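Here is what each chain is made of, one letter per residue.
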Amino acid sequence: LQIMAKSRFEYVKKFEQDDRCLLGCWIVVRIDGRSFHKFTSEHLFAKPNDLSALKLMDVAACSVMEEFRDIIFAYGQSDEYSFIFDRKMSLFNRRSSKILTNLVSLFTSSYTYNWRIHFPNTELKYPPAFDGRVVLYPNTIVLKDYLSWRQADCHINNLYNTAFWEIVKSGKSHVEAAARLKDTFSSGKNEILFSEFGINYNKIEPRYRKGSCLFWIDKMTEKSPEGPDTVGEFITGGACKKPRVCREITVSHEDIISEVFWSNHPQILGQ
Ligand code: ATP
Ligand code: ATP
Ligand code: MG
Ligand code: MG
Ligand code: MG
Ligand code: MG
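Residues numbered from 1 in each chain as written. Chains lettered and ligands numbered in written order. Predicted model: local features only at pLDDT ≥ 70, side-chain atom pairs only at ≥ 80, totals over all residues.

Looking now at the overall build of the protein. Within the protein, the regular secondary structure consists of ten helices and eight strands. Its C-alpha atoms give the protein principal-axis dimensions of about 80 × 45 × 40 Å. Taken over 271 residues, the protein has a buried fraction of 24%. Considering only contacts in the protein between residues 6 or more positions apart, those separated by 24 or more positions represent 70%. (Helix = DSSP H or I, 4+ residues; strand = E, 2+ residues; numbered from the N terminus. Buried ≥ 20, exposed ≤ 12 C-beta atoms within 10 Å, placed from the backbone. Contact = placed C-beta atoms within 7 Å.)

What follows is the structure, given as structure tokens:
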């Protein structure tokens, strides 16, 4: 009788909408911190770039890649991360909402879970949140343009923020600093940094200028005592116990706008 009752209600399933991502397309998920302008000031992030915060973003992204192994590449900057899935991916039957919600939720929980390791002296005042979207790209050219767009955004914001905070640190108000930079081009900001503050922008940490690229490299592991895999200094979970070819995530801060990166790593997009 109870089984009968359940099937009577089951028609409600049919109201769910089909949101499967088109076959053959690159699936890109971009997540972005919600109101991180406020979050970063409430948690006293160093400006313009808090190194611990950027590393925490990378760690959260690594745990997402470790769990969702069809992610072939991820790019992060500021409070955002983009994840690229293998175009042949069939996880969750390519259902957009399943993919998006699982990624956003794991990223957010990993960010929170690893907070105290990266900020041992800063209490998390409230739970951070991230938004997310799924975008499909039908070919590799437009996918690379997508990634170039995000890295160009990183460059423009970082150049502005670097100049802005140098002007502020020299004793000017936020309003004055903004006024000073208004109507300047890249060359003008570079010039202010160089002539007034002795900073050669191109010598600033690549991490800040280029953002973070995560991708897999093959690695032959030694037969090791049981223990978690590590990415650089970070523990990411998943243990490799037998000697075999393991994939490992590598973090780099390279230029991905130029073709050089993609021809140095042809395996990433399978070209
Ligand atoms: P929204 O909810 O619309 O995304 P937002 O306040 O998060 O609003 P963003 O455009 O995403 O706006 O900007 C992110 C903010 O977080 C910027 O102010 C950026 O400078 C700051 N931020 C992000 N990461 C860092 C970091 N590692 N160090 C210092 N500041 C950071
Ligand atoms: P999926 O990722 O597909 O959702 P799942 O393992 O989460 O896989 P569900 O159908 O969501 O599968 O089932 C949730 C599982 O968690 C069930 O096995 C259920 O018994 C268990 N569970 C959930 N809440 C509780 C609880 N409060 N106490 C004990 N078991 C629970
Ligand atoms: Mg946003
Ligand atoms: Mg944001
Ligand atoms: Mg952002
Ligand atoms: Mg479940």
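This brings us to the site of ligand 1. Neighbouring ligand 1 are 16 residues; Phe36, His37, Phe45, Asp50 and Ala53 lie closest to it. The set of elements that each furnish at least two residues to the shell around ligand 1 consists of strand E1 (26-33), helix H2 (36-42) and helix H3 (51-67). Here the element with the most residues in the shell around ligand 1 is H2; it accounts for three residues. (Near = placed C-beta within 6 Å.)

Let's shift gears to unusual backbone geometry. The omega angle of the peptide bond from lysine 47 to proline 48 is 5°, so this bond is cis rather than trans. If you trace the backbone, proline 48 turns up in the loop between H2 and H3. With phi around 55°, asparagine 93 is a residue other than glycine that occupies positive phi space. In this structure, asparagine 93 sits in the loop between strand E3 (80-85) and helix H4 (96-113). Take asparagine 93: there are 11 C-beta atoms within 10 Å of it, and that puts it in the exposed class. Positive phi, normally seen in glycine, also occurs at arginine 94, with a value near 60°. With respect to the element layout, arginine 94 can be found in the loop between E3 and H4. Accessibility expressed as a C-beta count within 10 Å gives 19 for arginine 94, which makes it partly exposed.

Pairing within the open sheet is antiparallel, and its six strands lie in the order E4-E1-E3-E2-E5-E8. Of all strands in the sheet, those with a lone pairing partner are strand E4 (130-137) and strand E8 (245-252), marking the two edges. The sheet shows a mean angle of 25° between the axes of neighbouring strands, direction not considered. The pairing of E1 with E3 spans six bridges and is antiparallel. For valine 28, the partnering residue across the bridge sits in E3 and is isoleucine 84. (Pairing = 2+ DSSP bridges. Axes fitted to C-alpha atoms, helices over the stretch in contact; angles between N-to-C directions.)

Sequence positions flagged by UniProt for "binding site: GTP" (unreviewed entry) are, in local numbering, Asp32, Gly33, Arg34, Ser35, Phe36, His37, Ser78 and Asp79. Spatial clustering of the annotated residues is evident: they stretch over 48 residues in sequence, but the largest pairwise C-alpha distance comes to 12.2 Å. In this fold, histidine 37 is placed in helix H2. For histidine 37, a count of 9 C-beta atoms within 10 Å puts it in the exposed group. Here serine 78 shows up in the loop between strand E2 (71-77) and E3. (UniProt positions renumbered as here; feature names shortened; annotations may be inferred.)

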